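As a plain string of letters, each chain reads:
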Amino acid sequence: MIIKTIKELDAQLAPYRNEGKTIGFVPTMGFLHEGHLSLIRRAKAENDIVVVSDFVNPTQFAPNEDFESYPRDIVRDEELATSAGADFIFHPSVSEIYPEGSSTFVEVEGDITKVLCGESRPSHFKGVTTVVAILFNIVKANKAYFGQKDAQQVAVLLQMVRDLHMNIELVVCPIIREEDGLAMSSRNTYLSDEARKQSVVLNQSLLLAEGVFNNGENSTNKLIKIIADKINEMPLAEIDYVSIYDYPSLKVITKINQQALAAVAVKFGNTRLIDNIILKRI
Ligand code: PAF
């Protein structure tokens, strides 16, 4: 069922809250794919009621980014989300979330929001934390589900929840991939046929580095070079970053001791794709 207002969502959820039922929340920007559906299924397995938000959040897009053209299809989203187990699809207008005169932002400061995607998208995470904090206040869920594909977003949101003592558990779910390894993303639909073929290099380069890491290589510089060289084999690929940081602190490291995040952002024409892998010593 699609719900457009906070008042209506409150009214629908009130009986469940009164009965002490648990609410799982899956925040999305819509145009759902298998990655989102896996979050919804997990939420359904772990909660009585599942709320999915479907809201393209303007504050996380810079003026030169794809807010207007971001793909939207609420009819298809409702069908997919419901079949995966969603009970309510919260699809508010921009003015429902940011009423006239709203001027409060939630911002996680420090390197965690400045490195990786924060470098080329300096205002992005401020928009994400603001909307997620607003949505958490509206839905009042027990658990919220996020994909590891947005590894930096996960790190930033974990920090926000900790710092603001938010009473919600974040559940981080594995990256869902196409058969050839490309991480699922609503932006994959922008790729030309040739770019789509070449985009498999993101996953391939990370797996290559993982193999070298598993054979004993600890140097972040060496592993970064292996990833970058592999990506550069693809003529249409333009690297935005290839980085390795401690995870989830996102602190700079030169050697991997316990656990690190290897993350890439690569442009194919105007389409910027991200992917990552956790490198872990067992
Ligand atoms: O990951 C996303 O789709 C968005 O950043 C989120 C968490 C729904 C906030 O708009």
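Let me sum up the structure you'll find in this document. (Residues numbered from 1 in each chain as written. Predicted model: local features only at pLDDT ≥ 70, side-chain atom pairs only at ≥ 80, totals over all residues. Heavy atoms only, no water.)

Things to note about the environment of Pro-92
Here is step 1: As for its placement among the helices and strands, Pro-92 is situated in the loop between strand 4 (88-90) and helix 4 (94-97).
Here is step 2: The exposure class of Pro-92 is buried, given its relative accessible area of 6%.
Here is step 3: In this structure Pro-92 touches Ile-3, Lys-4, Asp-54, Phe-55 and Ile-97, once residues within four positions along its chain are discounted. (Helix = DSSP H or I, 4+ residues; strand = E, 2+ residues; numbered from the N terminus. Buried < 20%, exposed > 50% of the residue type's maximum accessible area, 1.4 Å probe, protein only. Contact = heavy atoms within 4.5 Å.)

Section: the sheet that holds strand 3 (residues 49-54)
Here is step 1: Pairing is parallel in the open sheet, where 6 strands are placed in the order 1-4-3-2-5-6. Both outer strands of the open sheet, strand 1 (2-3) and strand 6 (169-173), are each paired with one neighbouring strand and no more.
Here is step 2: Both strand 1 and strand 4 contribute to a ladder of 2 bridges, which runs parallel. Its bridge partner lying in strand 4, Ile-2 is registered against Ile-89.
Here is step 3: Most of the contacts of helix 3 (residues 74-84) go to strand 4, to which it runs at about 145°, and overall it touches strand 1, strand 3 and strand 4. (Pairing = 2+ DSSP bridges. Axes fitted to C-alpha atoms, helices over the stretch in contact; angles between N-to-C directions.)

Section: the site of the ligand
Here is step 1: In the vicinity of the ligand, the contacting residues are Pro-27, Thr-28, Met-29, Asn-57, Gln-60, Val-128, Val-131, Val-132, Phe-146, Asp-150 and Gln-153.
Here is step 2: Within the side chain of Gln-60, a nitrogen or oxygen atom sits 2.6 Å from an oxygen atom of the ligand.
Here is step 3: The contact in question runs from an oxygen atom of the ligand to an N or O atom on the side chain of Gln-153, over 2.7 Å.
Here is step 4: For the ligand, the protein covers 89% of the area, taking 290 Å² as the surface of the free molecule.
Here is step 5: Secondary structure elements with two or more residues in the shell around the ligand: strand 2 (23-28) and helix 6 (124-139).
Here is step 6: The element best represented in the shell around the ligand is helix 6, accounting for 3 residues.
Here is step 7: In terms of residue class, the shell around the ligand is made up of 6 nonpolar, 4 polar and 1 charged. (Near = heavy atom within 4 Å. Polar contact = N/O pair within 3.5 Å; in protein donor to acceptor, adjacent residues only side chain to side chain. Areas by Shrake-Rupley, 256 points an atom, 1.4 Å probe, with all protein chains shown as cover. Nonpolar A, V, L, I, M, F, W, Y, C, P; charged D, E, K, R; others polar.)

Overview of empty space enclosed by the protein
Here is step 1: Considering all chains together, one arrives at 1 cavity of 30 Å³ or more under this definition.
Here is step 2: Estimated volume of the largest cavity: approximately 30 Å³.
Here is step 3: Forming the walls of the largest cavity are Lys-149, Leu-182, Ala-183, Ser-185, Asn-188, Leu-202, Leu-273, Ile-274 and Asp-275.
Here is step 4: In terms of residue count, the dominant contributor to the lining of the largest cavity is strand 9 (residues 271-280) (3 residues).
Here is step 5: The residue makeup of the lining of the largest cavity, split by class, is 5 nonpolar, 2 polar and 2 charged. (1 Å grid on protein atoms, 1.4 Å probe; cavity = no way out; pocket = protein on both sides within 12 Å on 5 of 7 lines; lining within 4 Å. Points joined across faces, edges and corners; volume = space filled by probe spheres on them.)

Quick word on the pattern of salt bridges
Here is step 1: All chains considered together, the criterion is met by 15 salt bridges.
Here is step 2: Ionic pairing is found between Lys-44 and Asp-87, a salt bridge with its closest N-O pair at 3.0 Å. One end of the pair, Lys-44, is in helix 2 (residues 34-46); the other, Asp-87, is in the loop between helix 3 and strand 4, and 43 residues separate them in sequence.
Here is step 3: Three or more residues are tied together by salt bridges with common partners; here these are Asp-10, Arg-17 and Lys-140. (Salt bridge = Lys/Arg side-chain N within 4 Å of Asp/Glu carboxyl O.)

So, the nonpolar core
Here is step 1: Membership of the largest hydrophobic core comes to 47 residues, with the highest contact counts inside it found for Leu-9, Val-51, Phe-136, Met-160 and Leu-250.
Here is step 2: In terms of residue count, helix 6 provides more of this core than any other element does, 9 residues in total.
Here is step 3: Excluding its chain neighbours within four sequence positions, the residues that come into contact with Met-160 are Val-106, Val-108, Thr-129, Val-132, Ala-133, Phe-136 and Met-166.
Here is step 4: Residues Leu-191, Ile-244, Val-264 and Val-266 belong to the second largest nonpolar core, which totals 25 residues. (Core = buried A, V, L, I, M, F, W, Y, C linked by side-chain atoms within 4.5 Å.)

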